[in-house]
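Reading the structure
Here are the chains, one letter per residue:
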Amino acid sequence: MEKRHKFSIWYMLLGIWMVLIIQQYLVSLFAIETIPYSRFLQLLSEGKIEEVAISSNQIQGKLKDDAVTEGKKKMFKTVRVDRETSELLNRYQVAFKGEVESTFVRNLMSWIIPVFLFFGIWYFMMKRMAGQQPGFMTLGKNKAKIYVEEDLGVDFDDVAGVEEAKQELIEVVEFLKEPGRFTQLGGKLPKGVLLVGPPGTGKTLLAKAVAGESKVPFFSMSGSEFVEMFVGLGAARVRDLFAQAKQKAPCIIFIDELDALGKARGIGITGGHDEREQTLNQLLVEMDGFDPTVGVVLMAATNRPEILDPALLRPGRFDRQILVDRPDKVEREAILKVHLKNIKAEEDLDIGKLASMTPGMVGADLANLINEAALLAVRRKKQKVGMPEFEEAVERVVAGLEKKNRLINPKEREIVAYHELGHAVVALSLPGTDPVQKISIIPRGIAALGYTMQTPTEDRFLMSRTELLNKIATLLGGRAAEEIVFDDISTGAHNDLARATDIATSMVKEYGMSVKVGQVYFAREKQSRFLNLGPEGATEYSEATAELIDNEVREIINTQYSKALDILRKCREVLNKGAKLLLAKEKIEGNEIKAIMQEMQKT
Ligand code: ADP
Ligand code: MG
Ligand code: ZN
């Protein structure tokens, strides 16, 4: 694109120049002959001139027919010389001619310099604009092309600690390698794969690795690049991207930071989002329109799946979502090893220790850490990077992350560990609760510092009163553990409390599970928030009933909380052992806690 600009400017200047020269040349050469003034005077005295036209400094004239000799022209022109001088010169018989001071070069300069300046400034500005938003000149045509990369030099070995995601993506790689084999069997691949996870966990890297593994072209664009300053450009760009990708199939289209483009429509009140909406609509149209059997796989990444337009997640669109979560200790070790390959480090490094020093860090932080350590070693003029550098680098990176509020301190980690164990131990002690799958203290997002994952073994349509009560007890187990262990409670339980209260309220108001309130239904049908019928807070029951309901809900919660406290007090040892294990490993299986519990019960 830039080359073409340069050429066009030069061509233009050259053109102007040539026209000027040729014109001058033609006029002077072919039609009119320039003769010296002395010759003109001679011709005049010989009576060979038919007529003349006189201007301020030049005389143009025509010779008589019979005066035209071989090789001479009929028309002539001469530059005037003033009378005095000409008479004087004539007297001494000197041939002379007038000379018009050439203004050509001066004219040229006074034109060309401004023109040059103008084009120069224009060119410079274009270049800057193009730098800021590529595709400005070409209206999106070449945009996607710029980003096509055939060989990224990244494969699955470069991405560590995301085994589950890799497992899921292997299928995509196989499809891209041999699209024919899949379609023969009638298999259908998901059209869109969405990588979801916090920033810096390696989503972009994974997408590149898929391309690298399957050795197909990789069309990559960032969601924010689609949202252009010209209306309609984003949509055109999407269309173009898909058209180009189809020609290059099998290939991957990767849209990074999909949330910038795929925010739910109709959120903005200002109404300034038409452009983004158009682009998003175009993306949806293209996704519906393309046939995955041609071998184009659409991948996207986001760290904010919750704000995506639901239409994007419907079947046939981004119907496969892959979680790329923060790494636990073992996974961090693997990531550190990958990045250690790039630097010269001492052989006897304690990578395990490094991994345990970096809780909460993601792949990008770890890459940064290794880099910092290498820089420190250079500063210290060391041949190899050693443990002291790594430890100092950890401190630096941690300080940086703490400033950004992305790491929790050790005390908080301990509280979170006991809290999560509280949930798990209560759940494991009560019958009819969902089995505990996993416990983790790897923070996820802003709200959850840790989590206890329970998955039901079967689909449930009915739940008994006991089951609901046990569920409440489990939810309260986190806070109960905090109270027992630290003799204090934290704000970390507010989500648990909300859910527990929700269940208890439903038991009283909807399921008729409270003896005092009785078998009645009090909940109002859920209405649209916007169609607010009736005055605020109007309910169909009396003040007294409302109080009764409140009391019953509180009663249920309190009873279950005491139950949780009882259970945990009896299992104090399990709590301690489990918390220790969890703090060390960051993520443990439900079975491991179960094993500890069984062991304790034996003694
Ligand atoms: P995301 O797209 O999830 O925000 P990136 O893929 O851009 O994260 O990761 C940024 C950098 O961090 C990568 O280039 C890589 O150096 C490093 N990194 C992140 N995750 C990993 C990982 N799982 N294994 C190895 N390196 C990683
Ligand atoms: Mg990214
Ligand atoms: Zn909790």
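Small disclaimer: the values here were computed from a predicted structure and weren't measured. (Residues numbered from 1 in each chain as written. Chains lettered and ligands numbered in written order. Predicted model: local features only at pLDDT ≥ 70, side-chain atom pairs only at ≥ 80, totals over all residues. Heavy atoms only, no water.)

1. Focus: the coordination of the zinc ion (ligand 3)
Note on metal sites: the ideal angle is 109.5 degrees for four tetrahedral donors, and 90 or 180 degrees for six octahedral donors. To be explicit about the condition: Any N, O or S atom lying within 2.8 Å of the metal counts as a donor, and for Na, K and Ca the limit rises to 3.2 Å; water is left out, so some sites can look incomplete. Only DSSP runs of H or I with at least four residues qualify as helices, and only runs of E with at least two residues qualify as strands; both kinds are numbered from the N terminus onward. Categorising residues by exposure relies on relative accessible area from a 1.4 Å probe, with only protein chains included: less than 20% of the type maximum marks a residue as buried, more than 50% marks it as exposed, and the intermediate range marks it as partly exposed.
Protein-derived coordination of the zinc ion (ligand 3) comes from His419 (NE2), His423 (NE2) and Asp496 (OD), at a distance range of 2.0 to 2.1 Å. Counting residues between consecutive donors of the zinc ion (ligand 3) along the chain gives the motif H-x3-H-x72-D. Of the two residues, His419 sits in helix α17 (residues 410-429) while Asp496 sits in helix α19 (residues 494-509), which places them 77 residues apart along the sequence. Take His419: its relative accessible area is 5%, and that puts it in the buried class.

2. Some remarks on the packing of aromatic side chains
The test is simple: What counts as a ring pair is set by centres within 6.5 Å for rings of Phe, Tyr and Trp (its six-membered ring), and what kind of pair is set by the plane angle: stacked under 30 degrees, edge-to-face over 60, tilted for all other angles.
As enumerated under the stated definition, the model contains seven aromatic pairs in all. Ring geometry for Phe40 against Phe76: centres 5.8 Å apart, planes inclined by 40°, an arrangement best described as tilted. Placement of Phe40 in helix α2 (residues 37-46) and of Phe76 in strand β4 (residues 75-79) is noted, with a sequence separation of 36 residues between them. When its relative accessible area of 6% is taken as the criterion, Phe40 is described as buried. A relative accessible area of 2% means that Phe76 is categorised as buried. Ring plane angle 25° and centroid distance 5.7 Å describe the contact between Phe218 and Phe254, whose orientation is recorded as stacked. With a gap of 36 residues between them, Phe218 in strand β6 (residues 218-222) and Phe254 in strand β7 (residues 251-256) connect regions that are remote in the sequence.

3. Brief notes about the site of ligand 1
Rules: Nearness here has a simple test: a residue counts as near a molecule or strand if at least one of its heavy atoms is within 4 Å of that partner. Here a polar contact is taken to be a pair of N or O atoms separated by no more than 3.5 Å, where protein atoms must pair a possible hydrogen donor with a possible acceptor and residues adjacent in sequence count only if both atoms sit in side chains. Polarity classes work like this: nonpolar for Ala, Val, Leu, Ile, Met, Phe, Trp, Tyr, Cys and Pro, charged for Asp, Glu, Lys and Arg, and polar for all others, with Gly in that last group. How far each domain reaches was decided by an automatic or database domain assignment.
The immediate surroundings of ligand 1 are formed by 15 residues, with Ala160, Gly200, Lys203, Thr204 and His339 found nearest. Within the contact set of ligand 1, an oxygen atom lies 2.9 Å away from a backbone nitrogen or oxygen of Leu205. Going through the elements one at a time, α8 (203-214), α13 (329-340) and α15 (363-379) are the ones with two or more residues in the shell around ligand 1. For the shell around ligand 1, the class distribution of residues is seven nonpolar, six polar and two charged. Each of domain 2 (145-323) and domain 3 (329-399) accounts for three or more of the residues forming the shell around ligand 1.

4. Examining the pattern of salt bridges
The following threshold applies: Salt-bridge detection follows one rule: a side-chain nitrogen of Lys or Arg within 4 Å of a carboxyl oxygen of Asp or Glu.
Here the structure, examined in full by the defined rule, presents 17 salt bridges. Between Glu171 and Arg320 there is a salt bridge; the shortest N-O distance is 3.5 Å. Taken as a pair, Glu171 in helix α6 (residues 163-177) and Arg320 in strand β9 (residues 320-323) lie far apart in primary sequence, 149 residues in all. Residue classification places Glu171 among the partly exposed residues on the basis of a relative accessible area of 32%. Among the salt bridges present, the one from Arg413 reaches Glu586, with a minimum N-O distance of 3.7 Å. On the criterion of sequence distance, the pair formed by Arg413 in helix α17 and Glu586 in the loop between α21 (572-585) and β12 (587-589) is long-range, its members being 173 residues apart. Considered together, Arg413 and Glu586 belong to a single accessibility category, that of buried residues. In the salt-bridge network here, residues are joined through shared partners; they are Glu372, Arg380, Lys382, Glu389, Glu392 and Arg396.

5. Focus: the nonpolar core
For clarity, the cut-off: Buried Ala, Val, Leu, Ile, Met, Phe, Trp, Tyr and Cys residues that are joined via side-chain atoms within 4.5 Å together make up what is termed a nonpolar core. The criterion used for residue contact is that any of the two residues' heavy atoms lie within 4.5 Å.
Core analysis: the largest hydrophobic core is formed by 49 residues, its most contacted members being Leu421, Val425, Ile439, Ile472, Met507, Leu568 and Leu575. For this core, the secondary structure elements donating two or more residues are α17, β10 (436-440), α18 (465-486), α19, α20 (543-570), α21 and α22 (590-602). Beyond its immediate chain neighbours, meaning those up to four positions away, Ile472 contacts Ala500, Ile503, Ala504, Met507, Ile556, Ile557 and Gln560. With 28 residues, the next largest nonpolar core counts Phe156, Phe175, Ala209 and Phe218 among its residues.

6. Quick word on the packing of α6 against α8
Applied cut-off: A fitted line through C-alpha atoms represents every axis, and for helices the fit uses only the stretch in contact; the resulting angles, taken between N-to-C directions, go from 0 to 180 degrees. When an angle is under 35 degrees it counts as roughly parallel; over 145 it counts as roughly antiparallel; between 65 and 115 it counts as roughly perpendicular; any other value is oblique. A crossing counts as left-handed when the near helix is turned anticlockwise from the far one by less than a right angle, and as right-handed when that turn is clockwise.
Where α6 contacts α8, the axes come no closer than 9 Å and their chain directions differ by 40°. Here α6 is positioned oblique relative to α8, judged by the angle of their axes. Crossing geometry of α6 relative to α8 is assigned as right-handed. Residues Ala165, Lys166, Leu169, Val172, Val173, Leu176 and Lys177 of α6 form the contact with α8, whose own contacting residues are Leu206, Val210, Glu213 and Ser214. Of the residues assigned to the contact of α6 with α8, the class counts are seven nonpolar, one polar and three charged.

7. A short note on the pairing of strand β3 (residues 58-63)
The cut-off we apply is this: Strands were regarded as paired on the criterion that DSSP finds at least two bridges between them.
With five bridges connecting them, strand β2 (residues 49-54) and β3 associate as antiparallel partners. Pairing of Ile49 across the sheet is with Leu63, part of β3. Between the antiparallel neighbours β2 and β3 lie three residues. Bridge count for β3 against β4 is five bridges, and the pairing is antiparallel.

8. Some points on the packing of α13 against α15
Running from N to C, α13 and α15 cross one another at 45°; their axes reach a closest spacing of 9 Å. Our classification of the angle between α13 and α15 gives oblique. α15 is crossed by α13, and the crossing has right-handed handedness. Contact residues: Arg332, Ile335, Leu336, His339 and Leu340 in α13; Gly363, Leu366, Ala367, Leu369 and Ile370 in α15. By residue class, the composition of the contact of α13 with α15 is seven nonpolar, two polar and one charged.

9. Thoughts on the pairing of β6
Within β6, five of the five residues are buried, which leaves it mostly tucked inside the rest of the structure. By the alternation rule, side chains of β6 split into Phe218, Ser220 and Ser222 and Phe219 and Met221, which are all buried. Of the strand pairs in this sheet, β6 and β7 are connected by five bridges, and their pairing is parallel. Bridging from a neighbouring strand, Ser222 pairs with Asp256 of β7.

10. A look at α13
Since there are 3.6 residues in each turn of an α-helix, residues three or four apart along the chain are aligned in direction. Keep this limit in mind: To estimate the expected span of a helix, count its residues, drop one, and scale the result by 1.5 Å.
With 12 residues, α13 extends 16 Å between its outermost C-alpha atoms, agreeing within 8% with the 16 Å of an ideal straight helix rising 1.5 Å per residue. Every buried residue of α13 is accounted for by Glu331, Arg332, Ile335, Leu336, Val338 and Leu340. Backbone nitrogen of Val330 and a side-chain oxygen of the N-cap are separated by 3.2 Å at the start of α13; the cap is Asp328.

11. Regarding the sheet that holds β12
In a beta sheet, neighbouring strands pair by backbone hydrogen bonds and run either parallel or antiparallel. Spatially, β11-β10-β12 is the arrangement adopted by the three strands of the open sheet, whose pairing is antiparallel. Where the open sheet ends on each side, the last strands, each with one partner, are β11 (451-454) and β12. Between one strand axis and the next, the sheet turns by 15° as a mean value, whatever way the strands run. Lying over the sheet, α21 contacts β10 and β12, oriented at roughly 125° with respect to β12. Along the sheet, α22 contacts β10 and β12; its crossing angle with β12, the most-contacted strand, is approximately 65°.

12. Details of unusual backbone geometry
Here the phi dihedral of Glu257 falls at roughly 50°; this positive angle occurs in a residue that is not glycine. Here Glu257 shows up in the loop between β7 and α11 (258-262). Here Glu257 falls in the partly exposed class, since its relative accessible area comes to 40%. Phi angles above zero are rare outside glycine, and Lys381 is one such case at about 55°. The topology assignment puts Lys381 in the loop between α15 and α16 (387-403). Look at Lys381 and you get exposed, because its relative accessible area is 72%.

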